Amino acid sequence: HKITLENLQATQLQLIQSEKMAVLGQLVAGLAHEINTPLGAIRSSVHNIAKFLGQTLMQLPDFFDLLSKGQQKNFAALLQKSLQSEPTLTTREERKLKRTLIRQLEAYSIEKPAIVADTLVDMHIYNEIEPYLSLLKGSESSLILQMAYKLSGLQRSTHTIETAVEQASKVVFALKNYARYDHSGEKTQANIVEGIEMVLTLYHNQLKQSIDVTRKYAELPLILCYPDELNQVWTNLIHNALQAMDHKGTLNIEVQMDNDTIRIKITDSGAGIPDEVKPKIFEPFFTTKPPGEGSGLGLDIVKKIIDKHEGI
């Protein structure tokens, strides 16, 4: 009997891993996009940095010699303002602010106000230009503004690389943790919310199209569980939710603490499950999905994992 039980447990673990890999196969195209997008941003940023270094690096000592002490201080402040501003404006809002900026520049008798306004807006500077007027007047103003634009672009490129590396690393980390297979058979301390967020990372490409994800997470302690198997639960439920909504709608995820019990609710705005089908949804190989879209093992596996954790 012991050998039979061990064989059944091994078969169950194999089913879980097989279902994992099946879902992962469906996610591969999206995951490639999630990694290629930050790689593209990194490639572009590195090109911009190399271009700047090739054109400008040797000019910097002579350039700063041109500036007075006051101009150097204002120049540093201009760069700081450029980096602190976030480009969250619409094109229409940007055009409106640019027109206002041109009028301000004209009022201060700045030459070529349209070109100056274009450069400042590209640096995400839309207003409060008074501290920088000394940089925008005089025979060297064009050189000064172009150098400020290039230096701020250099710093923005490094920030873009940092953000892109974090994004790609997050996807790779989630993929590695999702695909791993825990042979120990022992429970470990884990954070439930981190597991759910890891699965959402893998589905990010599908979610960002036309799915509104709402999260309501309570503060939870670490719990003793089989984290890899629980991640399979979240994967199956989220995957089913997306298919039920035809990838358009709202996905609600709620994690509650009720005395010593953790409650996880994953709901969607899809059509729901017909009453006549509900008694069968946990039966192995039962599926309402078209051929090739479901094995019928997903919810059976979910139920077995939840039973294993003495949940309901």
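Description of the structure in this document.

Analysis parameters
- Each residue is numbered by its place in its chain's sequence as written, counting from 1.
- This being a predicted model, a pLDDT of at least 70 is required before a residue's local features are given, and a value of 80 or more before pairs of side-chain atoms are given or counted; all residues contribute to the totals for chains, interfaces and linings.
- Water and hydrogen atoms play no part in the side-chain values, which are based on all heavy atoms of the structure.
- Two strands qualify as a pair provided that DSSP identifies no fewer than 2 bridges between them.
- Segments assigned H or I by DSSP are reported as helices when at least four residues long, segments assigned E as strands when at least two residues long, and all are numbered from the N terminus.
- All axes here are fitted lines through C-alpha atoms, helices being fitted over the stretch that makes contact, and every angle between N-to-C directions spans 0 to 180 degrees.
- We call two residues in contact when some of their heavy atoms are within 4.5 Å.
- When describing relative orientation, an angle under 35 degrees is termed roughly parallel and one over 145 degrees roughly antiparallel, while 65 to 115 degrees is termed roughly perpendicular and anything else oblique.
- Left-handed describes a crossing in which the near helix is turned anticlockwise from the far one by less than a right angle; the clockwise case is right-handed.
- Lys, Arg, Asp and Glu make up the charged group, whereas Ala, Val, Leu, Ile, Met, Phe, Trp, Tyr, Cys and Pro make up the nonpolar group; the residues left over, Gly among them, are polar.
- A helix's residues, less one, multiplied by 1.5 Å, set its expected span.
- When accessible area is computed with a 1.4 Å probe and restricted to protein chains, residues below 20% of their type maximum are described as buried, those above 50% as exposed, and intermediate ones as partly exposed.
- The salt bridge criterion pairs a side-chain nitrogen of Lys or Arg with a carboxyl oxygen of Asp or Glu, the two atoms within 4 Å.
- Between 30 and 60 degrees the pair is tilted, below 30 it is stacked and above 60 it is edge-to-face, where a pair is any two Phe, Tyr or Trp rings, Trp via its six-membered ring, whose centres lie within 6.5 Å.

## Here we look at the pairing of strand S5 (residues 261-268)
- Alignment of strand S4 (residues 249-258) against S5, held across eight bridges, turns out to be antiparallel. Counted as the bridge partner of Gln256 is Arg263 from S5.
- Here S4 folds back onto S5, and the loop between the two strands holds two residues, one of which, Asn259, carries a positive phi near 55°.

## Overview of the sheet that holds S5
- Pairing is mixed in the open sheet, where three strands are placed in the order S2-S4-S5. With partners counted over all chains shown, the strands left at the sheet margins are strand S2 (211-217) and S5, one partner each. Here the strands of the sheet are splayed against their neighbours by 10° on average, with no regard to which way each runs.
- Taken strand by strand, helix H8 (residues 192-202) contacts S2, S4 and S5, and its axis lies near 170° from that of S2.
- This element, helix H10 (residues 227-244), spans S2, S4 and S5 of the sheet and lies at about 25° to S5.

## Observations concerning the packing of H8 against H10
- Direction vectors running N to C along H8 and H10 enclose 45°, while the axes themselves pass 9 Å from each other. Viewed along their axes, H8 and H10 adopt a mutual orientation that is oblique. When the axes of H8 and H10 are compared, the crossing they make is right-handed. From H8, Ile192, Gly195, Ile196, Met198, Val199 and Leu200 reach across to H10, where they touch Leu230, Asn231, Trp234, Thr235 and Ile238.

## Focus: the packing of helix H4 (residues 91-107) against helix H5 (residues 113-122)
- Running from N to C, H4 and H5 point in directions that differ by 130°, and their axes come no closer than 9 Å. Compared by their axis directions, H4 and H5 come out oblique. Considering the relative orientation of H4 and H5, their crossing is right-handed. Listed contacts from H5 to Glu94, Lys98, Leu101, Ile102, Leu105 and Glu106 of H4 are Pro113, Ala114, Val116, Ala117, Asp118, Leu120 and Val121.
- Along the lines of polarity and charge, the residues of the contact of H4 with H5 split into nine nonpolar, no polar and four charged.

## Considerations on H10
- Spanning 18 residues, H10 covers 26 Å between terminal C-alpha atoms, matching the ideal 26 Å at 1.5 Å per step.
- Where burial is concerned, most of H10 is hidden: 14 out of the 18 residues are buried.
- Asp246, located one to two residues past H10, shows a positive phi value of around 55°.

## Re the pairing of S4
- Where S2 lies against S4, seven bridges are found, and the strand directions are parallel. Note that in S4 the partner of Thr214 across the bridge is Asn252.

## Here's the deal with H8
- Of all the 11 residues making up H8, nine are buried; the element is thus mostly covered by neighbouring parts of the structure.
- Along H8, the positions that sit buried rather than exposed are Ile192, Val193, Gly195, Ile196, Met198, Val199, Leu200, Thr201 and Leu202.

## Observations concerning the pattern of salt bridges
- For the structure shown, the criterion picks out six salt bridges.
- Between Arg215 and Glu197 there is a salt bridge whose closest N-O contact spans 2.6 Å. Residue Arg215 is found in strand S2, and its partner Glu197 is found in helix H8; the two are separated by 18 residues along the sequence.
- Ionic pairing is found between Asp307 and Lys303, a salt bridge with its closest N-O pair at 3.1 Å. You can see Asp307 and its partner Lys303 sitting in helix H11 (residues 298-308), four residues apart, about one turn around the helix.
- Asp307 gets classed as partly exposed once you look at its relative accessible area, which sits at 41%.

## Thoughts on the side chain of Lys81
- Looking at where Lys81 falls in the secondary structure, it is placed in helix H3 (residues 69-84).
- Non-local contacts of Lys81, meaning those with residues more than four positions away in its chain, are made with Ile125, Asn127, Glu128 and Tyr132.

## Topic: unusual backbone geometry
- In this model, His124 sits at a positive phi of 65°, which is unusual for a non-glycine residue.
- In this structure, His124 sits in the loop between H5 and helix H6 (133-136).
- For Asp246, which is not glycine, the phi dihedral falls at a positive 55°.
- Relative to the elements of secondary structure, Asp246 occurs in the loop between H10 and S4.

## Thoughts on the packing of aromatic side chains
- One pass over the full model with this rule turns up three aromatic pairs.
- Ring centres of Phe63 and Phe64 lie 5.2 Å apart, and the angle between their planes is 75°; on these two criteria the pair is classed as edge-to-face.
- Looking at Phe63, the relative accessible area reads 3%, which means it is buried.
- Ring plane angle 90° and centroid distance 5.9 Å describe the contact between Phe64 and Phe75, whose orientation is recorded as edge-to-face. On the criterion of sequence distance, the pair formed by Phe64 in helix H2 (residues 60-66) and Phe75 in helix H3 is long-range, its members being 11 residues apart.
- Look at Phe64 and you get partly exposed, because its relative accessible area is 31%.
- What makes Phe75 buried here is its relative accessible area of 2%.

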